[in-house]
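Descriptive analysis of the structure
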Amino acid sequence: MVNEYHLSTPLTDDVVKKLKIGDIVYISGIMVTARDEAHETALEILEKGEKLPIDLKGLVLYHCGPVAIKKDNKWQIVAAGPTTSMRMESVEDKFIEKTGIKMVVGKGGMGKKTAEAMKKFNAVYAVFTGGAGALAAERIKEVKDVYWLDKLGVPEAMWVFRVEEFGPLIITIDTEGNNYYEIRLNEVAKNAEKIKESLKEYKWT
Amino acid sequence: MRILGITEEGLVGIFYEMIKTASTSIPADVYDGLKKAYERETNQGAKKQLEAILQDIEIACSKKVPICQDTGTPYFFIEMGEDFPIRAKIYKAASEALRKVTKEGYLRPNAVDPFYKKNSGDNTGRYIPWMHFDLVEGDDLKVWFMTKGGGSEFPSTLIMSEPIEGFDKLKRGVIDTIVKFGPLPCPPLIIGISIAAGGDIAMTLAKKSLLRPIGERNSDPNLAKMELDLLNEINKLELGPHGFGGQLTALDVKVDYAYRHPASFAIGIVTSCWATRRSSAIIHSDGSWELTSKHILYNGTGCTIVR
């Protein structure tokens with residue numbers, strides 16, 4: 001049974017615990033971007049025992065490097081689809097633990113380490129349609145802030161977006177540690193074995 | 001004496017239009033393929049992805065913004081008529097057009113020096129744009145532009161096979177490649193496959209085959225059958241849009257080849273994401289030109305296919 005949810009930040013443990021793999025979610029509120037370098041920068045700060053420029057508790061983390069332009073001294077987001085989440089797999093568990101983020105949004109799924117952290121700290125992972133940069137930008141209503149822009153540049157900086165009905169987001173890791181892509185890709189691999197068998201019969205020479 | 005009208009400046013303007021069109025307006029054949037798939041898809045997860053994809057395409061074309069924030073690496077495939085008046089300066093004109101388009105926000109700066117890690121900021125740099133030339137008779141310049149996303153480059157695979165096992169390794173290699181990378185290259189994909197003597201030839205021809213519109217079959221009936229057979233089998237994988245299952249893992253399969261060496265059977269496999277962005281044009285020596293690729297355009301209320 002697939003459910004559809006329209007949620008606002010900050011997200012609570014009770015809300016995220018309801019979300020199951022396959023569910024569709026639309027988010028309104030605050031989404032914060034971080035790719036590789038913003039993860040490293042944030043963790044360096046947190047490990048020193050210092051505070052991040054924004055309290056991420058209950059917010060949504062977005063793996064995204066936007067196309068942004070500055071017009072009349074205000075930032076405009078032109079395109080902002082997700083980037084490949086697996087690049088952050090080695091550090092995401094720590095990020096979840098130390099920031100209290102409740103949802104991670106990206107593309108392509110994440111691995112075992114992240115799934116375990118999500119189970120332990122009550123967080124979920126959701127996929128936004130890869131490549132749909134214009135659709136994402138349309139749902140980003142305001143750039144509230146941007147951190148570490150000088151140091152990291154536009155795609156790698158930490159952007160704070162106010163979003164409305166940001167989605168469709170499909171839950172692919174839930175708080176029980178279920179991983180949708182792991183199950184799905186096993187099915188695909190099984191199909192592949194059958195297909196390779198039947199392809200043996202084809203001749204094009 | 002003929003009056004030669006095309007200028008370097010004119011060429012910059014034509015390339016500018018081609019790049020901007022490719023980045024913001026999806027080719028008609030890709031739109032058609034995605035729309036038809038959306039209409040017939042019964043898997044709800046896959047349908048949701050296709051719906052978001054179609055919405056994205058329509059927003060990009062109505063607002064003239066990039067379809068995807070990864071606006072790719074620029075490739076030019078050129079058939080240069082031997083009597084076309086501008087030749088050596090084509091590269092300079094293409095670079096100039098890229099700088100202009102990037103400055104206006106239609107392309108994200110994506111050219112990075114691998115040693116010094118510096119982003120040039122304008123999508124030009126050593127060997128970028130990448131250009132492939134074929135010299136042909138006549139006085140026209142035919143140009144195919146493609147901007148190729150980073151994620152869909154990951155599955156690029158070269159298999160150097162023993163000739164006896166060539167076709168077996170090709171069949172297995174294509175399926176294994178798609179399964180290995182799963183949702184990462186943003187399926188539904190267009191898959192280009194080529195056989196050749198050398199690895200470089202196989203990869204180049206496979207990449208070039210992605211320029212052919214979806215549904216256009218190889219002129220050799222045997223190769224046309226191979227394209228369709230592989231397409232049908234790949235779509236039985238049920239990987240589907242972004243890995244959510246359903247009938248559409250690949251929009252099309254393109255096959256090409258060069259004569260191989262008796263001892264070598266190089267197999268090149270490349271993929272393009274659903275956001276396949278390309279445009280083509282014919283430029284005449286008098287300076288006139290036309291876009292030869294069809295794209296979707298916004299007509300005020302919705303998106304239509306306009307040549």
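Residues numbered from 1 in each chain as written. Chains lettered and ligands numbered in written order. Predicted model: local features only at pLDDT ≥ 70, side-chain atom pairs only at ≥ 80, totals over all residues. Heavy atoms only, no water.

1. Digging into the overall build of chain B
Per the secondary structure count, chain B includes seven helices and eleven strands. Rg of the C-alpha trace for chain B: 20 Å, near the compact-globule value of 19 Å for 307 residues, within the 12% margin. For chain B, the spread of C-alpha atoms along the principal axes amounts to about 55 × 55 × 45 Å. Looking at the 307 residues of chain B, the share that counts as buried comes to 56%. Taking the contacts inside chain B whose residues are at least 6 apart along the sequence as the reference set, 79% of them involve residues at least 24 apart. Summing over all exposed atoms, chain B offers an accessible surface of approximately 13,000 Å²; the carbon and sulfur share of this is 55%. (Helix = DSSP H or I, 4+ residues; strand = E, 2+ residues; numbered from the N terminus. Rg over C-alpha atoms; globule rule 2.2 N^0.38 Å. Buried < 20%, exposed > 50% of the residue type's maximum accessible area, 1.4 Å probe, protein only. Contact = heavy atoms within 4.5 Å. Areas by Shrake-Rupley, 256 points an atom, 1.4 Å probe, with all protein chains shown as cover.)

2. Regarding a negative patch on the surface
A surface patch of like charges, here negative, comprises A:Glu37, A:Glu40, A:Glu44 and A:Glu47. Structurally, A:Glu40 can be placed in helix 2 (residues 36-47). (Patch = residues over 30% accessible without salt bridge, like charges linked within 9 Å, V, L, I, M, F, W, Y side chains within 5 Å. Salt bridge = Lys/Arg side-chain N within 4 Å of Asp/Glu carboxyl O. Lys, Arg positive; Asp, Glu negative; His and termini not counted. Charge placed at Lys NZ, Arg CZ, Asp CG, Glu CD.)

3. With respect to the pairing of strand 2 (residues 130-136) of chain B
Residues and elements named next belong to chain B. Alignment of strand 1 (residues 73-81) against strand 2, held across seven bridges, turns out to be parallel. Counterpart to Gly81 in the pairing with strand 2 is Val136. Where the polypeptide runs from strand 1 across helix 4 (residues 90-103) and back to strand 2, its parallel neighbour, the crossover connection is right-handed. (Pairing = 2+ DSSP bridges. Right-handed = clockwise from strand over helix to strand, strands pointing away.)

4. With respect to the interface of chain B and chain A
Each partner contributes to the interface: chain B provides 41 residues, whereas chain A provides 43 residues. Together chain B and chain A conceal approximately 3,800 Å² of surface at their shared face, both sides included; 65% is due to carbon and sulfur atoms. Together, B:Gln69, B:Lys171 and B:Phe244 form the three largest contributors to the area buried by chain B at its contact with chain A, with a combined 17%. Along the contact surface separating chain B from chain A lie one salt bridge. (Buried area = accessible area lost by both parts, 1.4 Å probe.)

5. Let's talk about the sheet that holds strand 4 (residues 157-161) of chain B
All names here are of chain B. Pairing is mixed across the open sheet formed by four strands, whose spatial order is 4-7-5-6. With partners counted over all chains shown, the strands left at the sheet margins are strand 4 and strand 6 (250-257), one partner each. Neighbour-to-neighbour, the strand axes of the sheet open up by a mean angle of 15 degrees, direction not taken into account. Packed on one face of the sheet, helix 7 (residues 221-234) meets strand 5 (189-196) and strand 6 and runs near 145 degrees to strand 6. (Axes fitted to C-alpha atoms, helices over the stretch in contact; angles between N-to-C directions.)

6. As for the packing of aromatic side chains
In the structure shown here, the tally under the stated rule is 14 aromatic pairs over all chains. The rings of A:Tyr202, A:Trp204, B:Phe167 and B:Phe265 are connected pair by pair, giving a single aromatic cluster. One Lys or Arg, B:Lys47, reaches over the ring of B:Tyr38 and ends 4.5 Å from the middle of that ring. Between the NZ or CZ atom of B:Lys171 and the centre of the ring of A:Trp204, over which it lies, the distance is 5.4 Å. (Phe/Tyr/Trp six-rings, centres within 6.5 Å; stacked < 30°, edge-to-face > 60°. Lys NZ or Arg CZ within 6 Å of the ring centre and 35° of its normal.)

7. What about the side chain of B:Thr157?
Within the secondary structure layout, B:Thr157 lies in strand 4. Side-chain polar atoms of B:Thr157 contact the backbone oxygen of B:Pro155, separated by 2.6 Å. (Polar contact = N/O pair within 3.5 Å; in protein donor to acceptor, adjacent residues only side chain to side chain.)

8. Regarding the nonpolar core
Among the nonpolar cores identified, the biggest contains 69 residues, and A:Ile27, A:Met103 and A:Phe166 are the most heavily contacted of them. Broken down by element, the residue count for this core peaks at eight residues, all from helix 3 (residues 44-63) of chain B. Formed jointly, this core draws a minimum of three residues from each of two domains, domain 1 (1-149 + 277-307) and domain 2 (150-274) of chain B. Apart from the residues lying within four places of it in its own chain, the contact partners of A:Met103 are A:Leu11, A:Leu19, A:Val25, A:Ile27, A:Leu59, A:Val60, A:Leu61, A:Val124, A:Ala126, A:Leu169 and A:Ile171. (Core = buried A, V, L, I, M, F, W, Y, C linked by side-chain atoms within 4.5 Å. Domains from an automatic or database assignment.)

9. Thoughts on the packing of helix 5 (residues 166-181) of chain B against helix 7 of chain B
All names here are of chain B. Between helix 5 and helix 7, the least distance of the axes is 11 Å, while the angle of their chain directions is 40 degrees. In terms of their interaxial angle, helix 5 and helix 7 are classed as oblique. Here helix 5 and helix 7 pass one another in a crossing that is right-handed. Contacts between helix 5 and helix 7 involve Phe167, Leu170, Val174, Ile175 and Ile178 from the first element and Met226, Leu230 and Ile234 from the second. Here the contact of helix 5 with helix 7 is built from residues that sort into eight nonpolar, no polar and no charged. (Parallel < 35°, antiparallel > 145°, perpendicular 65-115°, else oblique. Left-handed = near helix turned anticlockwise from the far one by under 90°. Nonpolar A, V, L, I, M, F, W, Y, C, P; charged D, E, K, R; others polar.)

10. A short note on the sheet that holds strand 1 of chain B
Residue and element names in this part refer to chain B. Reading across the sheet, the five strands line up as 2-1-3-8-9 and stay open at both edges, with mixed pairing between neighbours. At either end of the open sheet lies a strand with only one pairing partner, and these are strand 2 and strand 9 (289-291). For this sheet, the mean angle separating the axes of adjacent strands, direction not counted, is 15 degrees. Contacts from helix 1 (residues 8-24) reach strand 1, strand 3 (141-148), strand 8 (277-283) and strand 9 within the one sheet, and its direction differs from that of strand 8 by about 150 degrees. Across the sheet, helix 4 touches strand 1, strand 2 and strand 3, and the angle it forms with strand 1 is around 145 degrees.

11. Structural notes on the packing of helix 2 of chain A against helix 3 (residues 89-99) of chain A
Residues and elements named next belong to chain A. Their axes nearest at 10 Å, the elements helix 2 and helix 3 cross at an angle of 50 degrees. Here helix 3 runs oblique to helix 2, going by the angle between their axes. As for the relative orientation of helix 2 and helix 3, their crossing is left-handed in sense. Across from His39, Ala42, Leu43, Leu46 and Glu47 in helix 2, the residues of helix 3 making contact are Val91, Glu92, Lys94, Phe95, Lys98 and Thr99. Residue classes in the contact of helix 2 with helix 3 are distributed as five nonpolar, two polar and four charged.

12. Remarks on unusual backbone geometry
With an omega of 5 degrees, the peptide bond running from A:Gly167 to A:Pro168 counts as cis. Secondary-structure assignment places A:Pro168 in strand 9 (residues 158-173). For the bond from B:Pro187 to B:Pro188, the omega torsion is 5 degrees, close enough to zero to count as cis. Inspection of the secondary structure assignment puts B:Pro188 in the loop between helix 5 and strand 5. A positive phi is found at A:Glu165, a non-glycine position, where the angle reads about 50 degrees. With respect to the element layout, A:Glu165 can be found in strand 9.

13. Describing the domain arrangement of chain B
All names here are of chain B. Domain assignment breaks chain B into domain 1 (1-149 + 277-307) and domain 2 (150-274). When each unit is reduced to the centre of its C-alpha atoms, the spacing between domain 1 and domain 2 is 22 Å. On the side of domain 2, 26 residues touch domain 1, which itself brings 29 residues to the contact. Summed over both partners, the interface of domain 1 with domain 2 comes to about 2,200 Å²; 64% of that surface belongs to carbon and sulfur atoms.

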